[in-house]
Amino acid sequence: MSKITGNEIIHQYLRHNKKFPHVLCAGCGHGIVLGTLIRSIHSLGIPKDDVVVVAGIGCSGRLAVYVDFNTVHTTHGRALSFATGIKISNPKLNVIALMGDGDALSIGGNHLIHAARRNIGVTALILNNNIYGMTGGQSSPATPEGSTTMTNPYGQLDSSFDTVELARGAGANYVARGTVFHVNRLEKIMTEAIGRPGFSLVEAITPCHTQFGRKNKYKSPVDMYNWLKSTAVPLERYNEMPEDKRRDRMPIGVFVDRDRPGFEERYYAMQQNFLKQAAKGGK
Amino acid sequence: MPRRKKRTEIFALGNEAVVEGALLAGCTFYGGYPITPSSEIMEIMASRLPKLENGVFIQMEDEIASMGAVIGASLSGRKAMTATSGPGFSLMQENLGYAVMAETPMVLVNVMRGGPSTGLPTSPAQGDVQQARWGTHGDHPIIVLSASNVQECLDMTITAFNMAEKYRTPVILLLDEVTSHTREKIEIPNEGEFEVFSRTVPSMPPEWYKPYEETVRGVPPMPPIGSGYRFHVTGLTHDRNGFPTQRPEEVVELMDRIHRKIDQFFYDIQLVDEIMTDDCEVCVIAYGSVARSAELAVQQARGNGVKAGLLKLKTLFPYPRRHTEKILAHARTLVVPEMNMGQMSREVKRVNMGHASVRTINRVDGQIVTPSEILKVIMQG
């Protein structure tokens, strides 16, 4: 039997006869993230019917249209709240909340910290391209300090949000960061994240050349991928680096890996107790 | 003939009756955020639902998240609800529009309090009537119900769930503080004494299923997520397959259908109580706790020899036009008392079109409208 290629796997999961061509720009990293997501689900052997992709708004939000799972395209920033309702209603489902950086960290920031605190069994996949892409390139909470966007033509004054630290502080079970340049590593952490109980978060750094790079120092998509290549360092190596070398470097890898039961598990355990008590009392 | 089983009688708060009604209607999901004067609904749900087989209660981080969770639960096949008050209702509006667009059944109870803004917490008001109708963005139909006593809180909650499921739409139950914080004896109906409607699920094989296809009633069947019917749900204007579209003919088809599925069933949706309206010359049109004051005023007016009547609105929107028009054939005056600056009298005037004189009674001071106030206006004719 011939070896199944990555493409053949992906073709099984796309709604190929429905909504193509897609909306993404040439050079966008979002398709790569979607590819890793599909391969992760495939390698875990999860049936399509058991996967729910709950997406927010923006370029990343549109990805849900293309994949042949149960897909819900929600309101801006609210993907995690919809995902929470779905997961607690039917814990057998693998619920993946697919969000952009503005989506998850700005308008959806409250939902993100509370989903992590609650440790609801949802995999949050944040596609961080440091910008609001679909609305035309305005600054997001992840836009690096000093960079130029449509809404800060004189340079971003706010500092950039550290998603990993936020999720760690809020109590997520599993927190990891990867980039679309380091595809195999990203696929590995995505697979781990989906397999973990409780709330897991994967931040995938994916370049927006059209809205971010063009206005900053990255003239082409290739420049942006080279930036990812030179900026991202594995966490193990980053930890050994001297302080001055760490500046302008971005650690990638697994930051938090805990094994606490998810909210849904704790809830249904409580309910089982009540039902047992009631059964005893009734006899 | 078998003897009818005696109904259980309880002494209940309006908010408690809402919970009883919801559970009788088959509600298995509550997601919410506490706010007075609606909090008891959430508190009682928190103690009841976890003890039921398959009941889920979750306290969310805010009202926006509550609506998201409720929609998620409904998509998963559950009968789901939330409850709130004015400021929380405002936060829920964005996702309320989503529920309309994605045709997600759910019940939203809003126990109104005085506003605008944080306004008069826990004082009676009816200030969210037009917010219930037009609070979310865009053109959309909506079903808004009301209750004027504790028994009706129970009955109308069941009705709200039934309508939500029947028409695949969010239904708003608008209560006011007086009704939801009154304690009265109510009867809990026995199983079989009331209708319980659940959404139609598709019977065709998954590959034939089109999630937003036209049907006779205009309401497409809706499978729970994860049951083998894989489709796309979106707040974007979508085609029959659920995928985003901007083609004018597809946009119009969707908008027409979500309006028509409500419009063509006005007779089923528009509920009123008609009290002495057959021959009335002065007709009071009221809803919520004000309708109780109005009922007493109408009785007293009859005692004084005035042919008065009461049209009690149990459905606020779509506005019960045909019931009002029937009265306009003989009434020379319509009296509309409400605890706001005139949110429902606008509807009455719209339907009246100059036939009768419309007199309004408006209170926005956090006090109830009394029978004597209404009687005074009735007696002025």
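Just so it is clear, the structure is predicted and the values come from calculations on it, not from any experiment. (Residues numbered from 1 in each chain as written. Chains lettered and ligands numbered in written order. Predicted model: local features only at pLDDT ≥ 70, side-chain atom pairs only at ≥ 80, totals over all residues. Heavy atoms only, no water.)

## So, the domain arrangement of chain B
Residue and element names in this part refer to chain B. Splitting chain B by domain gives domain 1 (8–188), domain 2 (206–269) and domain 3 (272–379). On a C-alpha basis, the centroid separation for the pair domain 1 and domain 2 is 24 Å. Opposite the 20 residues of domain 1 that make contact, domain 2 presents 27 residues. Interface area, domain 1 with domain 2, both sides summed: about 2000 Å², of which 64% is carbon and sulfur. Contact with domain 2 buries surface across domain 1, with Met101, Tyr167 and Arg168 losing the most and accounting together for 36% of the total. Remark: the boundary between domain 1 and domain 2 carries 3 salt bridges. Across the salt bridge formed by Glu103 and Arg257, the nearest N and O atoms sit 2.7 Å from each other. Remark: the boundary between domain 1 and domain 2 carries 11 residue pairs in polar contact (both at pLDDT 80 or more). (Domains from an automatic or database assignment. Contact = heavy atoms within 4.5 Å. Buried area = accessible area lost by both parts, 1.4 Å probe. Salt bridge = Lys/Arg side-chain N within 4 Å of Asp/Glu carboxyl O. Polar contact = N/O pair within 3.5 Å; in protein donor to acceptor, adjacent residues only side chain to side chain.)

## Focus on the packing of helix 1 (residues 14–25) of chain B against helix 6 (residues 150–167) of chain B
Residue and element names in this part refer to chain B. At a minimum axis separation of 7 Å, helix 1 and helix 6 run at an interaxial angle of 35°. Where helix 1 crosses over helix 6, the handedness of that crossing is right-handed. Contacts from Gly14, Ala17, Val18, Glu20, Gly21, Ala22, Leu24 and Ala25 of helix 1 reach helix 6 at Val150, Cys153, Leu154, Thr157, Ile158 and Phe161. Classifying every residue of the contact of helix 1 with helix 6 gives 10 nonpolar, 3 polar and 1 charged. (Axes fitted to C-alpha atoms, helices over the stretch in contact; angles between N-to-C directions. Helix = DSSP H or I, 4+ residues; strand = E, 2+ residues; numbered from the N terminus. Left-handed = near helix turned anticlockwise from the far one by under 90°. Nonpolar A, V, L, I, M, F, W, Y, C, P; charged D, E, K, R; others polar.)

## A few points about a positive patch on the surface
A cluster of like positive charges, contributed by A:Arg185, A:Arg237, A:Lys245 and A:Arg249, occupies part of the molecular surface. Take A:Lys245: it is sitting in helix 11 (residues 243–246). (Patch = residues over 30% accessible without salt bridge, like charges linked within 9 Å, V, L, I, M, F, W, Y side chains within 5 Å. Areas by Shrake-Rupley, 256 points an atom, 1.4 Å probe, with all protein chains shown as cover. Lys, Arg positive; Asp, Glu negative; His and termini not counted. Charge placed at Lys NZ, Arg CZ, Asp CG, Glu CD.)

## Focus on helix 8 (residues 183–195) of chain A
Over its 13 residues, helix 8 of chain A runs 18 Å from end to end, which matches the ideal 18 Å to within 8%, given 1.5 Å per residue. Buried within helix 8 of chain A we find A:Leu186, A:Glu187, A:Ile189, A:Met190, A:Thr191, A:Ala193 and A:Ile194. (Expected span 1.5 Å × (residues − 1). Buried < 20%, exposed > 50% of the residue type's maximum accessible area, 1.4 Å probe, protein only.)

## Let's talk about the interface of chain A and chain B
On the side of chain B, 42 residues touch chain A, which itself brings 39 residues to the contact. Note on chain A versus chain B: buried area summed over both sides is about 3300 Å², and carbon and sulfur give 59% of it. Put simply, B:Glu61 and A:Arg118 hold a salt bridge, and the shortest N to O gap is 3.0 Å. Joining chain A to chain B, the criterion identifies 22 residue pairs in polar contact (both at pLDDT 80 or more). Those elements that place two or more of their residues in the side of chain A that touches chain B are strand 2 (70–73), helix 4 (79–89), helix 6 (109–118) and helix 12 (263–282) of chain A. Here the side of chain A that touches chain B is composed, by residue class, of 15 nonpolar, 15 polar and 9 charged.

## As for unusual backbone geometry
Residue and element names in this part refer to chain B. Thr36 connects to Pro37 through a cis peptide bond whose omega is 0°. Secondary-structure assignment places Pro37 in the loop between strand 2 (29–32) and helix 2 (39–48). Residue Gly115 is joined to Pro116 through a cis peptide bond whose omega torsion reads 5°. Within the secondary structure layout, Pro116 lies in the loop between strand 5 (106–112) and helix 5 (129–134). For Thr122, which is not glycine, the phi dihedral falls at a positive 65°. When you line up the elements, Thr122 lands in the loop between strand 5 and helix 5. Classification of Thr122 as partly exposed rests on a relative accessible area of 32%.

## Let's talk about the sheet that holds strand 1 (residues 51–55) of chain A
Spatial strand order, 9(A)-10(A)-7(A)-8(A)-4(A)-3(A)-1(A)-2(A)-9(B): 9 strands in an open sheet with mixed pairing. Each edge of the open sheet carries a strand with a single partner, namely strand 9 (232–234) of chain A together with strand 9 (232–234) of chain B. Each strand axis lies, on average, 20° off the axis of its neighbour in the sheet, ignoring direction. Bridge analysis of strand 7 (residues 174–179) of chain A against strand 10 (residues 250–257) of chain A gives 4 bridges, and the strand direction is antiparallel. Bridge pairing in strand 10 of chain A links A:Ala176 to A:Val254. (Pairing = 2+ DSSP bridges.)

## Some points on the UniProt feature "domain: Thiamine pyrophosphate enzyme TPP-binding" (unreviewed entry) in chain A
In the numbering used here, UniProt assigns the "domain: Thiamine pyrophosphate enzyme TPP-binding" (unreviewed entry) feature to residues 65–203 of chain A. The span residues 65–203 of chain A shows a helical share of 35% and a strand share of 23%, and its end C-alpha atoms are spaced 21 Å apart. (UniProt positions renumbered as here; feature names shortened; annotations may be inferred.)

## So, the nonpolar core
With 133 residues, the main nonpolar core has A:Val72, A:Phe199, B:Met45, B:Met81 and B:Val109 as its most contacted residues. Broken down by element, this core gets its largest block of residues, 10 residues, from helix 6 of chain B. With residues near it in sequence (within four places) discarded, A:Phe199 still touches A:Leu80, A:Leu112, A:Ala115, A:Ala116, A:Asn119, A:Ile120, A:Gly121, A:Val122, A:Ala124, A:Ala172, A:Asn173 and A:Tyr174. Within the second largest apolar cluster, 44 residues are counted, among which are A:Leu98, A:Val180, A:Ile189 and A:Met224. (Core = buried A, V, L, I, M, F, W, Y, C linked by side-chain atoms within 4.5 Å.)

## Overview of the sheet that holds strand 14 (residues 333–338) of chain B
All names here are of chain B. The 5 strands are arranged 10-12-11-14-15 in an open sheet whose pairing can be described as mixed. The two strands at the open ends of the sheet, each matched to only one other strand, are strand 10 (272–275) and strand 15 (357–362). For this sheet the average axis-to-axis angle between neighbouring strands, irrespective of direction, equals 20°. By the bridge criterion, 6 bridges tie strand 14 to strand 15 in an arrangement that is parallel. Among the inter-strand pairings, Thr333 is bridged to a residue of strand 15, identified as Ser357.

## Re the pattern of salt bridges
If you walk through the whole model with that rule in mind, you get 36 salt bridges over all chains. A:Arg196 serves as the salt-bridge partner of A:Asp257, at 2.8 Å between the closest nitrogen and oxygen. Of the two residues, A:Asp257 is situated in strand 10 and A:Arg196 in the loop between helix 8 and strand 8 (200–205); the sequence distance between them amounts to 61 residues. For A:Arg196, a relative accessible area of 25% corresponds to the partly exposed category. Of the charged contacts, one joins B:Glu347 and B:Arg350 as a salt bridge, the two residues approaching to 2.7 Å between their closest N and O atoms.

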